[in-house]
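As a plain string of letters, each chain reads:
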Amino acid sequence: MHSTYSYPKFAYTPSEEQRTGTVKRHPVVVVGAGPVGMTAAIDLAQKGVPVVVLDDDDTVSIGSRAVCYAKRALEVWDRMGSAQKMIDKGVIWKIGKVFHGDSQVYQFDLLPEPDHKIPAFINLQQYYLEEYLITDAKKTERVDLRWKSRVLSVKQQDDHVVLQVETPDGVYALEADWVIACDGAKSSIRKMLDLEFVGEVFQDRFLIADVVMKADFPAERWFWFDPPFHQKQSTLLHMQADNVWRIDFQLGWGADPEEEKKPERVIPRLKAMLGEDTEFELEWVSVYTFQCRRLENFRKGRVFFAGDSAHQVSPFGARGANSGVPDADNLVWKLKLVMDGVAPDSLLDTYSDERVAAAKENLLNSTRSTDFITPKSEVSRTFRDAVLNLAGEQPFARSLVNSGRLSTPTTYVDSRLNTPDGDRFEGKMVPGAPATDAPVEAQGQAGWLMDKLGGGFVALYYAGGDAVPAEVAERLDGLAKGAVPFAWHAVTSRRREALPNELVDVNGRFEERYDATPGTLYLIRPDQHVAGRWRNFDADKLAGALNRAVGL
Amino acid sequence: MATLVTENRLANPDDFYEALIDTHRDLSAEQSNMVNAKLVLLLANHIGDMEVLKEALRIARKGV
Ligand SMILES: Cc1cc2nc3c(=O)[nH]c(=O)nc-3n(C[C@H](O)[C@H](O)[C@H](O)COP(=O)(O)OP(=O)(O)OC[C@H]3O[C@@H](n4cnc5c(N)ncnc54)[C@H](O)[C@@H]3O)c2cc1C
């Protein structure tokens, strides 16, 4: 098969502890160098924590896996300085089209409003993404990447974890204060700790073909129900980097995976879709079945599960890596505060609470999409077809068409880290919501709010057209240097004396998106979710919210 | 909150019933299933109230 990508081979070097036979204690060991493990490792390293990453392989993800990365995951990577390369290499898109037979029934726009730094979605082959993350991890000089290192066992002790690791040089032991298990859907650590991974297997098979071709399909997600070229089944098309196109054909449960993978079976399917004359080459072909399951709790003592090891979804909606990355984002700042003795151990339980809530939301969406695409009964199929029949002419039916509800970040509505609203606010920036972007100018430089939020606690004081009252500024300065440190910014509606921490809301998007009135204060967590908000500055309320947000 | 109306609201119930049966004339069971499904979807959207719909779903399922 053709290949547009050459897989890097990362050198295995035996660790010093293995060579010298000494057992060393590490603050954090991450198991698995997939997208989620690498995100956690880079984030920790950038927060000053040295990390050991163990991976049983010595290259990036092989073959066809994730394609679509959503805005929120990209924002997390952007905070770490990794997103730009992905965006540059990837294909930016936001429009999805749904066809039934040969006519379009529905179209959606994933980012209908302007003025966001990061696009709604990019498409990029998973191997590029992993390669970029590995490069960025090396730059931190705090990530000790150990390839060809398979974790064989995990034992929890009172104040640490002991791992047995197998390498080409044999087995050695290593200790960690904390372990983050990012070892994927087949997680062996989950099994070692005897944890149940419950959910549903969908009785359907999908043929996934990555095809190299010069084609003039637009950079959009196209989904067909019952197209003329693949009757009674569905097909999905996505553009990726390097003129590689991802095509998914639904095959049905009865299909023989080995037969279906053969080029003599795949090529006619592609020709029927693309036309006899379109030149293409196969890059990769595989046949998948999908599952929707999760762990009950993402924490077990000193071991955390993140990404596919904690939850597995069907790919319709691109909620796999896109929800694994926010797992890492949610965990790392909490772990750092606990390691620093700022926050109590119980803060780490909120990692599981918040991300289990997110996983439930993702699983619900993913299961619903799968039920629509792969109806489980005759009547379910009838209703599905009825929706599609109506959707061409009846607007209401279009909103029932479910070809995958694409990944959006979770608002932690029920989190105990939130300070509930005491004042009236409109809009989406409720406590627990991921902060939304807005263009801002800082010291004469055009920029973005998300960049100013960074990776620590941030207070945003909206002063409107006035200066921040001196006593408010003084109190904020004082509180900012407290036990739980934070940065604060004055958001103003027009340029003033250009205070170092002033952000000018250049076109009013901040005011609009945060429903801000002069005096409004927002407290934002290190993972850029809203912790609390008030119409007027009150030092006690802010201090209370800060404590609450770290579990004190 | 609206509740499902279960008293008769049809000015002429027999007219409706006849029209319903007529709609299915000469259709196979499979085709009729499709018509019924479309009908449910159209009417559900017209009602547009999840509580009312849930009540209707519950009653429809009862005793089957
Ligand atoms: C066909 C398909 C399409 C998809 N499309 C999308 C998409 O568009 N968008 C999206 O967000 N997601 C998508 N996904 C899901 C996405 O690929 C996964 O969610 C993502 O790879 C999960 O990352 P992870 O880091 O949790 O695990 P993985 O990527 O599975 O990485 C786990 C790593 O752990 C290592 N490992 C395992 N066991 C051990 C051990 N005992 N010791 C040491 N190392 C170990 C493995 O070698 C591997 O490197 C898709 C998946 C498939 C299959």
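Cut-off values and rules
Residues numbered from 1 in each chain as written. Chains lettered and ligands numbered in written order. Predicted model: local features only at pLDDT ≥ 70, side-chain atom pairs only at ≥ 80, totals over all residues. Heavy atoms only, no water. Helix = DSSP H or I, 4+ residues; strand = E, 2+ residues; numbered from the N terminus. Rg over C-alpha atoms; globule rule 2.2 N^0.38 Å. Buried < 20%, exposed > 50% of the residue type's maximum accessible area, 1.4 Å probe, protein only. Contact = heavy atoms within 4.5 Å. Areas by Shrake-Rupley, 256 points an atom, 1.4 Å probe, with all protein chains shown as cover. Lys, Arg positive; Asp, Glu negative; His and termini not counted. Charge placed at Lys NZ, Arg CZ, Asp CG, Glu CD. Near = heavy atom within 4 Å. Polar contact = N/O pair within 3.5 Å; in protein donor to acceptor, adjacent residues only side chain to side chain. Nonpolar A, V, L, I, M, F, W, Y, C, P; charged D, E, K, R; others polar. Domains from an automatic or database assignment. Buried area = accessible area lost by both parts, 1.4 Å probe. Patch = residues over 30% accessible without salt bridge, like charges linked within 9 Å, V, L, I, M, F, W, Y side chains within 5 Å. Salt bridge = Lys/Arg side-chain N within 4 Å of Asp/Glu carboxyl O. Pairing = 2+ DSSP bridges. Axes fitted to C-alpha atoms, helices over the stretch in contact; angles between N-to-C directions.

S.K.: If you had to explain the overall build of chain A to someone new, which residues and values would you point to?
M.R.: Scanning chain A from N- to C-terminus turns up 16 helices and 28 strands. Computed over its C-alpha atoms, the radius of gyration of chain A comes to 25 Å, within 12% of the 24 Å expected for a compact globule of 552 residues. Seen along its three principal axes, the alpha-carbon backbone of chain A occupies a region of about 75 × 65 × 40 Å. Considering chain A as a whole, with its 552 residues, one finds that 59% of them fall into the buried category. Sequence separation of at least 24 residues holds for 72% of the intrachain contacts in chain A that already meet a minimum separation of 6. Accessible surface for chain A amounts to roughly 22,300 Å². Of this, 48% is attributable to carbon and sulfur atoms. When the 66 positive and 80 negative side-chain charges of chain A are each reduced to one mean point, those points stand 1 Å apart.

S.K.: Lay out the overall build of chain B with the relevant residues and their values.
M.R.: On a plain count of helices and strands, chain B comes out with three helices and zero strands. Ordered by position in the sequence, the α and β elements of chain B form the string α-α-α. What you see for chain B is a C-alpha radius of gyration of 14 Å, clearly larger than the 11 Å of a compact globule of 64 residues, by over 25%. If you line up chain B on its principal axes, its C-alpha atoms span 40 × 25 × 25 Å. When burial is assessed residue by residue, chain B has 11% of its 64 residues classed as buried. Surface accessibility of chain B: about 5,500 Å² in total, with carbon and sulfur atoms responsible for 56%. In chain B, 7 positive and 10 negative side-chain charges are present, and the distance between their average locations comes to 9 Å.

S.K.: For the site of the ligand, give the residues involved together with the corresponding values.
M.R.: Residue and element names in this part refer to chain A. Lining the immediate surroundings of the ligand are 31 residues, of which Asp55, Asp56, Cys68, Gln126 and Asp308 lie closest. Contacts to the ligand include Cys68, whose backbone N or O atom sits 2.9 Å from an oxygen atom. At the level of secondary structure, the elements contributing two or more residues to the shell around the ligand comprise helix 2 (35-46), strand 9 (150-156) and helix 9 (321-339). Considering each element in turn, the shell around the ligand owes the most residues, three residues, to helix 2. For the shell around the ligand, a count of residues per class yields 13 nonpolar, 11 polar and seven charged.

S.K.: Tell me about the domain arrangement of chain A, residues and numbers included.
M.R.: All names here are of chain A. For chain A, the assigned domains are domain 1 (16-92 + 119-195 + 295-366) and domain 2 (439-549). On a C-alpha basis, the centres of domain 1 and domain 2 stand 31 Å from each other. On the domain 2 side, the residues contacting the 13 residues of domain 1 number 12 residues. Carbon and sulfur atoms make up 52% of the area that domain 1 and domain 2 hide from each other, which totals about 910 Å². Counting the surface domain 1 buries against domain 2, the share from its top three residues, Arg72, Arg79 and Trp333, is 49%.

S.K.: Just give me the short version of the environment of A:Pro218, but keep the residues and values in it.
M.R.: With respect to the helices and strands, A:Pro218 occurs in the loop between strand 13 (206-213) and strand 14 (221-225). In this structure A:Pro218 touches A:Met239 and A:Trp245, once residues within four positions along its chain are discounted.

S.K.: Residues and numbers for a nonpolar patch on the surface, please.
M.R.: Residue and element names in this part refer to chain B. A cluster of nonpolar side chains, contributed by Leu10, Phe16, Tyr17 and Ile21, occupies part of the molecular surface with about 410 Å² of accessible area. Tracing the backbone through its elements, the reader meets Leu10 in the segment before helix 1 (13-23). Residue Leu10 is classed as partly exposed on the basis of its relative accessible area of 40%.

S.K.: Describe the sheet that holds strand 3 (residues 68-70) of chain A, naming the residues involved and giving the relevant values.
M.R.: All names here are of chain A. The three strands lie next to each other as 3-7-4, forming an open sheet whose pairing is antiparallel. Each of the sheet's edge strands pairs with one partner strand only, and the pair in question is strand 3 and strand 4 (91-93). Between one strand and the next, the sheet's axes are offset by a mean angle of 30°, whatever the strand orientation. Examined bridge by bridge, strand 4 and strand 7 (residues 121-123) share three bridges and lie antiparallel to one another. Bridge pairing in strand 7 places Trp93 opposite Phe121. Of the strands in this sheet, strand 3 and strand 7 touch helix 3 (residues 71-79), which is tilted by about 75° from strand 3.

S.K.: For unusual backbone geometry, give the residues involved together with the corresponding values.
M.R.: Residue and element names in this part refer to chain A. Even without being a glycine, Lys232 presents a positive backbone phi close to 75°. In this structure, Lys232 sits in the loop between strand 14 and strand 15 (234-239). Lys232 gets classed as exposed once you look at its relative accessible area, which sits at 61%. With a phi angle near 60°, Asp242 is a residue other than glycine that sits in the positive phi range.

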